[in-house]
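Structural features, examined
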Amino acid sequence: MQLVIVESPAKAKTIEKYLGGDFKVLASYGHIRDLPPKDGSVVPDDDFAMSWEVYSDKRNREQVKAISDAAKDASRLVLATDPDREGEAISWHVMDVLKKRKALPTKVDRVTFNSITKKAVTEAMQAPRELDQPLIDAYLGRRALDYLFGFTLSPVLWRKLPGAKSAGRVQSVALRLIVEREREIEAFKPDEYWSVLAKLEHAGTEFDGRLVRFKGEKLEKLSLGEEGIAMEAKAAVEGGRFTVEDVEKKPLKRNPAPPFTTSTMQQEAARKLGFSASQTMSAAQRLYEAGAITYMRTDGVQMDGSAIAACRHEIGDRYDAAYCPEKPRFYSTKAKNAQEAHEAIRPTNFSKDRVGSGDEAKLYSLIWKRAMASQMATAQLERTTVSMLDATGQHELRATGQVVVFPGFFAVYQEGFDDKEEDEDGLLPALKAGDTPAKKSVEATQHFTQPPPRFSEASLVKRLEELGIGRPSTYASTIQTLRDRNYVRVESKRFFAEESGRLLTSFLERFFPTYVAYDFTAGMEDELDTVSDGREDYKALLAKFWQDFKPKADEVMEKLPSEVTEALDEYLSDYLFPPREDGKDARHCPLCETEGRENGRLSLRGGKFGAFIACQNYPECKFTRRFAQPGGDDGSQDGVMGTHPETGAEIHRKSGRFGPYVEMEHEEKKSRASIPKDLDDFNLEWAVKLLDLPRIIGPHPETGKDIEAAIGRYGPYLRHDGKYANMKNTVDVFETGMNAAVTLLAEAANRKGGRAKAEPIKTLGEHPTSGGEIKVMPGRYGPYVTDGTTNATIPKDIKPEDIEAAKAIELIDARAAKGPAKKKRKKAAPKKKAPAKKATAKKPAAKKKAPAEK
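Everything quoted here is computed from the prediction, not taken from an experiment.

Another aspect to go through is the overall build of the chain. The helix and strand inventory of the chain stands at 23 helices and 32 strands. Buried positions account for 47% of the 854 residues belonging to the chain. Excluding contacts between residues fewer than 6 apart, the proportion of contacts in the chain whose partners are at least 24 apart in sequence is 65%. Carbon and sulfur atoms make up 49% of the accessible area of the chain, which amounts to about 45500 Å² in all.

Below you can see the structure in the form of structure tokens.
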């Protein structure tokens, strides 16, 4: 018997079907061991010796035992894990564990294939090789480097930076990108400018003409910088008669983009499908294991010769000959490491334009279209530019339009772009020199320059790749880690830096500037690539890193927390205390100023739940401000917001462990309310409304009992007679009327046993092992994920709407590994004492059999 090891059960099932009866295929379920998360797993003083530990969960232990037992009876071990660095590492781990357990067969081979098809698998079995030691060394170096960085730096953070959780080598640099973009947006000063647009018509077709020259001067973007000159320009256009001076037509050609790499697939799936990086990779993994696409972790853009031929054949079948160019298209890769660059991501069968359902179907369609388009004909376009001058020749209008002459690859696919500029695809009427289009109206529109946009997942992945930071296969986990640790949040598919993320970045920039520098991190990636090429020893790389990093970490660890806070206060002074418009000291305490106290000076302080701004006159002055709220409008800062209109009590805005909240003390009773995130313009009016909750909507028309609207741990809700109904947002709590409330409560009660059938918060596709649909569900004791068989609670630090498929699978698998929950045995009720017998003698009753115990 020959034993084949792969990563996943789905892959194992497919491959065993291809290989026949002499082969037994088992899954390792990914990595079977790792460096234990404790001190001493990597020992720099012992030549960077690494201590590995088999994962302790029940499923992994049982699977490793099954592999060991099968290996003892096998004549040959075939390691058929994925064709990249991680796949090579998994094979090395399996072989090393079997060797230690004295279960390693005498013959061990390594095989790789780029797609799980019968042809690819059988060909790979006939061309075995040995394990790639340089690739394994690159894995060992990267794993040790990440461990040393995280386990050396994290204790420093815990002791010196309240509220910080941990830091990682790549994630810290990705976080810095997000934080720096946030700073750019805050520092941005918008400039006013105007545009003048004429609405024209010719031969029944309307089109726009933009003013591009005024008083003989070419207009730049900011030329019309104020309303006065804009109105003057508008009047000149309204009073002028514009005649076509020139019509210029230019042919344009657009060539298709290459097939997907890991990075470009993540970017396009984010733009076109709204998928997160982890959602994309999870769907791609399932497609790969089903044999539908080639391996999805790749830097390569080329396709195999037979795949190109199959693609061109399919183009010929679906379209006419003009859509298939005479010669095949060949693309060159820009990957830094040729050893890790494989074939591009493509379908294994081009005749199938649909596969699977849900996320997999959407992603497969995208992959199929991109690969098909990559071998199709160039798109032919024509751009027309029409110049129109008034009688004086001083003012010029310009109209542009673009038409598709021959669609070529546009018939299948067009690449998406982030933050797309204005397009010029509109149609223009047939115009010639001397024509005078009719003027319908003229508009002068005010604009303001915009700050750089916040990163989306697509643009963040693109930027990381441009800088050479990390590798595309790791971006999904890097981004998810930032979200899991609440360093960033995502709103409208854009990343916003949280206070903890901003503070961590500032700390690292101040005390560890080298290790969050973009060029340093990119240079480290290059060095790891030289290790995988066999040109550098990974231990020499680690030694070079450690000799500088360890003394720096020790130096910061010796500092007092107050010294760290003082250094950060100085480092962030310009950000936290920008110049005041009244010219006063930016650190001057506004509350002390109001109440007549002198020497009220603000500075950065460290607290149990993170950093904040406070006054040196504490405790006399209790003014505080969030760390991430520099200067600005005092009305949005922590402090007194105003007084309650009915009670006259002061309402304070404060920051706590779980975010901002408002507080009011009246008649020796404190009322508090968290500030919901879905309120954009939070002010005193909203604070009063929140503190006055619950809101009584009125008596229910059937029961006469009050219906209440309030906000709880899991969001806004309605309550009536012990029954509840969820509401969509905070505004609904204050605006929902009686009819809507009764309807919501009725819908919530319209279910079996009086309990509503809960609607999933989110669906995430099929589970790779059980095949059940993964759903994110609301639960009585909190949100959870389920595949229909196993339910797993979602950790409190993860929002249910933010959870991705990869994380859901991890939670479900971890819960399944623990086995079914043990039911608590009910204690038997204490036996009652028999009543005292009366003296009167009775005839003894016939003996009855004792009832069986339950």
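From this point, things continue past the structure.
The tally for this structure, following the rule as stated, stands at 18 aromatic pairs. Here the aromatic rings of Trp52 and Tyr139 are separated by 6.2 Å at their centres, their planes lie at 15°, and the arrangement is stacked. Here the residue Trp52 occupies a position in the loop between strand E5 (49-50) and strand E6 (53-54), and Tyr139 occupies one in helix H5 (residues 133-160), the gap between them amounting to 87 residues. With a relative accessible area of 4%, Tyr139 lands in the buried category. Ring centres of Phe409 and Phe410 lie 4.9 Å apart, and the angle between their planes is 70°; on these two criteria the pair is classed as edge-to-face. A residue is classified by how much of its surface remains accessible, and Phe409, at 6% relative accessible area, is buried. With relative accessibility at 15%, the residue Phe410 sits in the buried group.

The next subject is the pattern of salt bridges. Taken as a whole and assessed by the stated rule, the structure comprises 47 salt bridges. Notably, a salt bridge pairs Glu525 with Arg169, separated by 3.4 Å at the nearest N-O pair. Of the two residues, Glu525 is situated in helix H15 (residues 518-532) and Arg169 in helix H6 (residues 169-187); the sequence distance between them amounts to 356 residues. You can call Glu525 buried: its relative accessible area is 0%.

The sheet contact formed by strand E16 (residues 488-491) and strand E17 (residues 494-497) spans four bridges and is antiparallel. For Glu491, the partnering residue across the bridge sits in E17 and is Arg494. The turn joining E16 and E17, which pair antiparallel and follow one another in sequence, is formed by two residues; a positive phi near 50° is taken by Ser492.

With that settled, consider the sheet that holds strand E2 (residues 23-27). The four strands lie next to each other as E2-E1-E7-E8, forming an open sheet whose pairing is parallel. A single partner strand is all that each edge strand has here, and the edge strands are E2 and strand E8 (107-110). Geometrically, the sheet is characterised by an average inter-axis angle of 20° between neighbouring strands, direction not taken into account. Pairing of strand E1 (residues 2-6) with E2 involves five bridges; the strand directions are parallel.

Let's shift gears to the side chain of Arg483. Its location among the elements puts Arg483 in helix H13 (residues 472-484). Judged by relative accessible area, which is 12%, Arg483 ranks as buried. Excluding its chain neighbours within four sequence positions, the residues that come into contact with Arg483 are Glu457, Val488, Val490, Phe495, Asp802 and Glu804.

Moving on, we get to the nonpolar core. In terms of nonpolar packing, the biggest core is built from 137 residues, with Phe113, Ile293, Phe507 and Phe512 touching the most fellow members. By size, the runner-up hydrophobic cluster in this structure holds 25 residues, among which are Ile675, Leu679, Val688 and Ala709.

Looking now at helix H16 (residues 538-557). The terminal C-alpha atoms of H16 lie 27 Å apart, and with 20 residues this matches the ideal 28 Å at 1.5 Å per residue to within 8%. Where H16 bends most, at Trp546, the angle is about 30°. Structurally, H16 contributes buried residues whose contacts are with H5, helix H14 (499-511) and H15.

With that settled, the discussion passes to the packing of H5 against H16. Running from amino to carboxyl end, H5 crosses H16 at an angle of 0°, the nearest separation of the two axes being 11 Å. The orientation of H5 with respect to H16, classified from their angle, is roughly parallel. Split by residue class, the contact of H5 with H16 holds 16 nonpolar, two polar and four charged.

The next subject is helix H10 (residues 305-318). When the terminal C-alpha atoms of H10 are compared, their 20 Å separation across 14 residues agrees well with the 20 Å that a helix rising 1.5 Å per residue should span. Along H10, the residues that are buried comprise Ala307, Ile308, Cys311, Arg312, Glu314 and Ile315. Looking straight down H10, one finds its buried side chains confined to an arc of 160°; they lie on one side. In H10, the exposed residues that point more than 90 degrees away from the buried face are Gly305, His313 and Asp317.

The four strands lie next to each other as E29-E30-E31-E32, forming an open sheet whose pairing is antiparallel. In this open sheet, the two strands that pair with only one neighbour each are strand E29 (762-766) and strand E32 (791-793). Ignoring strand direction, the axes of neighbouring strands in this sheet form an average angle of 20°. Inspection of the sheet shows E29 paired to strand E30 (residues 773-777) by three bridges, in the antiparallel sense.

With that settled, the discussion passes to the side chain of Ser263. Structurally, Ser263 is set in helix H8 (residues 262-273). The buried category is assigned to Ser263, whose relative accessible area is 0%. Within the structure, the side chain of Ser263 is placed 2.6 Å from the side chain of Glu465, a separation counted as a polar contact. Not counting chain neighbours up to four residues away, the residues in contact with Ser263 comprise Val461, Glu465 and Pro472.

For the bond from Leu693 to Pro694, the omega torsion is 5°, close enough to zero to count as cis. Structurally, Pro694 is set in the loop between helix H20 (684-691) and strand E25 (695-699). The backbone of Lys102 shows a phi angle near 55°, a positive value even though the residue is not glycine. As for its position among the elements, Lys102 is in the loop between helix H3 (85-100) and E8. What makes Lys102 exposed here is its relative accessible area of 77%. Of note in the backbone geometry, Asp721 takes a positive phi value of approximately 55° without being a glycine. With respect to the secondary-structure elements, Asp721 resides in the loop between strand E27 (715-720) and strand E28 (723-726).

Quick look at the confidence of the model for the chain now. Mean pLDDT over the chain stands at 84; residues scoring 70 or higher make up 89%. pLDDT under 50 marks residues 335-341. Its contacts with residues more than four places away, or in other chains, come to 20 contacts. Within the model, pLDDT remains below 50 along residues 631-636, and this stretch shows nine contacts once partners closer than five positions in the same chain are excluded.

Take the state of the cysteines next. By the definition in use, this model includes zero disulfides. In this structure Cys615 is not part of a disulfide, and its nearest cysteine sulfur, from Cys592, lies 3.6 Å away.

On the secondary structure map, Pro452 appears in the loop between strand E15 (438-448) and helix H12 (457-467). The exposure class assigned to Pro452 is partly exposed, which follows from its relative accessible area of 24%. Spatially, the C-alpha atoms of Pro452 and Glu184 are 7.3 Å apart, while their sequence positions differ by 268 residues. When sequence neighbours within four positions are dropped, the list of residues in contact with Pro452 reads Arg181, Glu184 and Ile185.

Bridge count between E25 and strand E26 (residues 706-712): four bridges; the pairing is antiparallel. By the bridge assignment, Gly698 is partnered in E26 with Ile707. The turn linking E26 back onto E27 is made up of two residues.

Conventions we followed
- Residues numbered from 1 in each chain as written.
- Predicted model: local features only at pLDDT ≥ 70, side-chain atom pairs only at ≥ 80, totals over all residues.
- Heavy atoms only, no water.
- Helix = DSSP H or I, 4+ residues; strand = E, 2+ residues; numbered from the N terminus.
- Buried < 20%, exposed > 50% of the residue type's maximum accessible area, 1.4 Å probe, protein only.
- Contact = heavy atoms within 4.5 Å.
- Areas by Shrake-Rupley, 256 points an atom, 1.4 Å probe, with all protein chains shown as cover.
- Phe/Tyr/Trp six-rings, centres within 6.5 Å; stacked < 30°, edge-to-face > 60°.
- Salt bridge = Lys/Arg side-chain N within 4 Å of Asp/Glu carboxyl O.
- Pairing = 2+ DSSP bridges.
- Axes fitted to C-alpha atoms, helices over the stretch in contact; angles between N-to-C directions.
- Core = buried A, V, L, I, M, F, W, Y, C linked by side-chain atoms within 4.5 Å.
- Expected span 1.5 Å × (residues − 1).
- Bend = angle between axes of the 7 residues up to and from the residue.
- Parallel < 35°, antiparallel > 145°, perpendicular 65-115°, else oblique.
- Nonpolar A, V, L, I, M, F, W, Y, C, P; charged D, E, K, R; others polar.
- Arc of directions from axis to C-beta.
- Polar contact = N/O pair within 3.5 Å; in protein donor to acceptor, adjacent residues only side chain to side chain.
- pLDDT = per-residue confidence, 0-100.
- Disulfide = S-S within 2.5 Å.

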